[in-house]
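Summary of structural features
As a plain string of letters, each chain reads:
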Amino acid sequence: MALVSREKKTPLDTSKPEVYVQYEDIDQQQETYVVGMWSFLVTEVMMFGALFFIYFLYRWAYPDDFSILSGKLDYVLGGVNTVILLISSFTVALAVHFAQKNRWRAVVANLGVTILCAFGFLVVKYFEYSEKINDGLVPNDQFIYHYHYAADPGVARMFYSLYFSMTGLHAIHVILGIVIFGILIGLIVRKSKVMTDYIPVEMCGLYWHFVDLVWIFLYPLFYLIPHVK
Amino acid sequence: MASKHHDDHDHSHHVIPVPKLVGTLFALLGLMVLTIAAARWQVMVDNIPGPYIDNLVALGIAMLKAFFVIWIFMGVKHGTKLIKVYAIGGFVWMLLIGGALFDYFFRDVEPVQGWEPAYETSLPRGDSVESGTDSEASIRFVPAGGHDEEGKDGYGDDH
C-alpha cells in the first residue's frame with residue numbers, strides 16, 4: 001500500500017496548502033492554528049500549575065520529610081523515562097519536519113516511534129506504580145507506612161498523594177497522546193481529506209512537547225530532591 | 001522538491017533542519033545527565049553545597065531544558081510575535097503564584113464569621129511540626145488557641 005507519491009497532487013500534498021475563505025493569506029491562517037493550540041496549552045499550564053503550587057507549599061513546609069521520602073523513588077527509572085520522553089519529543093519534531101517537506105512515509109515512521117516511546121514510558125511507569133501499590137503506599141485508607149524512613153507518616157501520605165496525582169495526570173496525558181497519534185497516523189495512511197497540510201501534525205506535536213515539558217519539571221521535583229540532614 | 005522554495009518566498013513556516021533537531025536532542029540529554037549528576041554528587045558529598053543551591057541548580061536546568069523544547073522543538077523561535085506572546089505569557093503568568101505565596105507566608109488568617117475553626121496560620125503546617133508530639137495528624141491544621149472557646153468567630157459578640 002503506497003502512501004503518497006511526491007509527484008502527484010493528493011490531499012497529502014502540503015506544498016500548496018489551501019487558504020480558507022475567512023483568512024487573508026496562509027500566514028494568518030497558520031498563525032491562527034498555532035495560537036489556538038497555544039491557548040489550549042495555556043489552560044493545561046494552569047491545571048498543572050495549581051498542582052505544582054500545592055507541591056511547592058508542602059515541600060516548603062516539610063523539606064526534610066520530602067527529601068527522605070524522595071529516596072523511595074527510583075531516580076534511574078525516572079531518568080530512563082526522561083530519556084524516552086526526550087527522544088519521543090525529538091521524533092515528533094522530526095515528524096513535523098518531514099510533514100513540512102511532504103515526506104509522509106517518514107512522518108508515519110517517526111510518529112510510530114513516538115507511540116512506541118509512549119508505550120515504553122507507560123511500561124516503566126507500570127513497574128514503578130505496581131511496586132508502590134504492593135508496598136501499600138497508595139494514600140488511601142489502606143496506606144501502610146512501615147519503611148525505615150524517619151519521615152512523618154502524615155507527610156508521607158501527602159507526598160504519595162501528590163506523587164500519584166501529578167504523575168498520574170501526566171500519565172493520562174501520555175495515554176491521550178497515544179490515542180491522538182494513532183488517529184493522526186490513521187488519517188495520514190487513509191489520505192483523509194482533513195490532511196490538507198502539515199498543520200495537524202504540528203498541532204499534535206505541540207501537545208506532545210507539552211507532555212514532555214511537564215515531565216521535565218516533574219522529574220527533578222520528585223526524583224531528585226536534595227538530601228537534607 | 002516543493003520545499004526547496006520555502007526559504008525564498010514562503011514565510012508561512014520555517015522548516016527546522018534535522019541537524020539542529022539532533023543537536024537540541026543531545027543538548028537536552030546532556031542537561032539531563034548534568035542534573036542527575038548534580039543531585040547524586042550532592043547526596044554523595046553529604047550536603048556540602050546546601051539544599052537551596054541544589055534546588056536552584058535542578059530547577060535552573062529544568063527551565064533551560066524547557067526553554068530548548070519550547071524555543072526549538074515547538075517552533076516558537078520562528079513563530080510570529082503573537083505566538084511568542086502566547087508561548088511566553090503562558091508560563092510567565094506562573095509568577096503570579098509568588099503573589100499567592102505572599103499570602104501564605106506573611107499574612108495572618110483573619111477569622112471570618114462562620115468559618116470554623118480559626119487557624120493560627122494559613123500554612124499547611126500546624127503547631128504540631130514544632131511540638132513533634134502529634135505525629136499522626138501533623139498535616140491537620142491546628143486551631144489557634146482560644147478562638148474556639150471564646151468567640152467562635154473572633155469578632156466578639158456584636159451581633
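Residues numbered from 1 in each chain as written. Chains lettered and ligands numbered in written order. Predicted model: local features only at pLDDT ≥ 70, side-chain atom pairs only at ≥ 80, totals over all residues. Heavy atoms only, no water.

This part covers the overall build of chain A. Scanning chain A from N- to C-terminus turns up six helices and zero strands. Helices (α) and strands (β) of chain A occur, in sequence order from the N terminus, as α-α-α-α-α-α. Burial status across chain A gives 60% buried among its 229 residues. Across chain A, the fraction of contacts at a sequence separation of at least 24, relative to all contacts at a separation of at least 6, is 80%. Just so you have it, chain A exposes about 9,400 Å², and 66% of that area is on carbon and sulfur atoms. (Helix = DSSP H or I, 4+ residues; strand = E, 2+ residues; numbered from the N terminus. Buried < 20%, exposed > 50% of the residue type's maximum accessible area, 1.4 Å probe, protein only. Contact = heavy atoms within 4.5 Å. Areas by Shrake-Rupley, 256 points an atom, 1.4 Å probe, with all protein chains shown as cover.)

Residue and element names in this part refer to chain A. Secondary-structure assignment places W60 in helix α1 (residues 26-61). In this structure W60 comes out as partly exposed when scored by relative accessible area, which is 35%. The spacing of W60 and W104 is 44 residues in sequence and 49 Å in space, taken between C-alpha atoms.

Our next topic: the nonpolar core. Ranked by size, the top nonpolar core spans 98 residues in total, and within it A:W38, A:F66, A:V107, A:I188, A:V201, A:F222 and B:M74 carry the most contacts. Top contributing element to this core by residue count: helix α6 (residues 199-223) of chain A, with 18 residues. Aside from chain neighbours lying at most four places away, what touches A:F222 is A:Y55, A:S70, A:L73, A:F159, A:L162, A:Y163 and A:M166. (Core = buried A, V, L, I, M, F, W, Y, C linked by side-chain atoms within 4.5 Å.)

Take A:R105: it is sitting in helix α4 (residues 104-134). A:R105 sits 62 residues away from A:T43 along the chain, and the two C-alpha atoms are 33 Å apart.

Turning our attention to helix α4 (residues 81-92) of chain B. Helix length check: α4(B) (12 residues) gives 16 Å between terminal C-alpha atoms against 16 Å at 1.5 Å per residue, within 8%. Residues of α4(B) that are buried: B:I83, B:A87 and B:G90. One side of α4(B) holds all its buried residues, which, seen down the axis, span an arc of 65 degrees. Relative to its buried face, α4(B) has exposed residues pointing more than 90 degrees away, namely B:K81 and B:V85. Tucked into the core, α4(B) has its buried residues touching α1 of chain A. (Expected span 1.5 Å × (residues − 1). Arc of directions from axis to C-beta.)

Let's shift gears to the packing of aromatic side chains. Residue and element names in this part refer to chain A. Here the structure, examined in full by the defined rule, presents 23 aromatic pairs over all chains. A centroid spacing of 5.6 Å and a plane angle of 65 degrees characterise the contact between Y126 and F127, whose relative ring orientation is edge-to-face. Residues Y126 and F127 agree in their burial class; the two are exposed. Pairwise contacts between aromatic rings join Y55, F66, Y129, F143, F159, Y160, Y163, F164 and F222 into one cluster. (Phe/Tyr/Trp six-rings, centres within 6.5 Å; stacked < 30°, edge-to-face > 60°.)

Let us now look at the packing of helix α3 (residues 75-100) of chain A against α4(A). Residues and elements named next belong to chain A. Running from amino to carboxyl end, α3 crosses α4 at an angle of 165 degrees, the nearest separation of the two axes being 8 Å. One way to sum up the angle between α3 and α4 is to call them roughly antiparallel. The element α3 and its partner α4 pack so that their crossing is left-handed. (Axes fitted to C-alpha atoms, helices over the stretch in contact; angles between N-to-C directions. Parallel < 35°, antiparallel > 145°, perpendicular 65-115°, else oblique. Left-handed = near helix turned anticlockwise from the far one by under 90°.)

So, about a nonpolar patch on the surface. On the surface, a cluster of nonpolar side chains totalling about 340 Å² of accessible area is made up of A:V123, A:Y126 and A:F127. Here A:Y126 lies in helix α4. (Patch = residues over 30% accessible without salt bridge, like charges linked within 9 Å, V, L, I, M, F, W, Y side chains within 5 Å. Salt bridge = Lys/Arg side-chain N within 4 Å of Asp/Glu carboxyl O.)

Take unusual backbone geometry next. Residue and element names in this part refer to chain A. Residue N102 is not a glycine yet carries a positive backbone phi of 65 degrees. Of note, N102 is situated in the loop between α3 and α4. Using a relative accessible area of 10% as the deciding quantity, one classes N102 as buried. You will see that K191, though not glycine, has its phi angle at about 55 degrees, which is positive. As for its placement among the helices and strands, K191 is situated in the loop between α5 (153-189) and α6. K191 gets classed as partly exposed once you look at its relative accessible area, which sits at 34%.

Now for the pattern of salt bridges. A pair can form between side chains of opposite charge whenever their charged atoms are brought close. Residue and element names in this part refer to chain A. The full count for this structure, using the stated rule, is three salt bridges over all chains. A salt bridge links K125 to E128; the nearest nitrogen and oxygen atoms lie 3.1 Å apart. Taken as a pair, K125 and E128 lie in helix α4 at a separation of three residues, close to a single helical turn. The same class applies to K125 and to E128, which are both buried. Residues joined by salt bridges that share partners form a network here, namely K72, E131 and D135.

Before going further, it helps to spend a moment on the confidence of the model for chain A. All names here are of chain A. In this model, chain A carries an average pLDDT of 87, and 90% of its residues clear a pLDDT of 70 or more. Confidence, expressed as mean pLDDT per element, reaches its minimum in chain A at helix α2 (residues 63-70) with 84 and its maximum at α4 with 95. For residues 5-9, every residue scores under 50 in pLDDT, and the model assigns this stretch five contacts once sequence neighbours within four places are set aside. (pLDDT = per-residue confidence, 0-100.)

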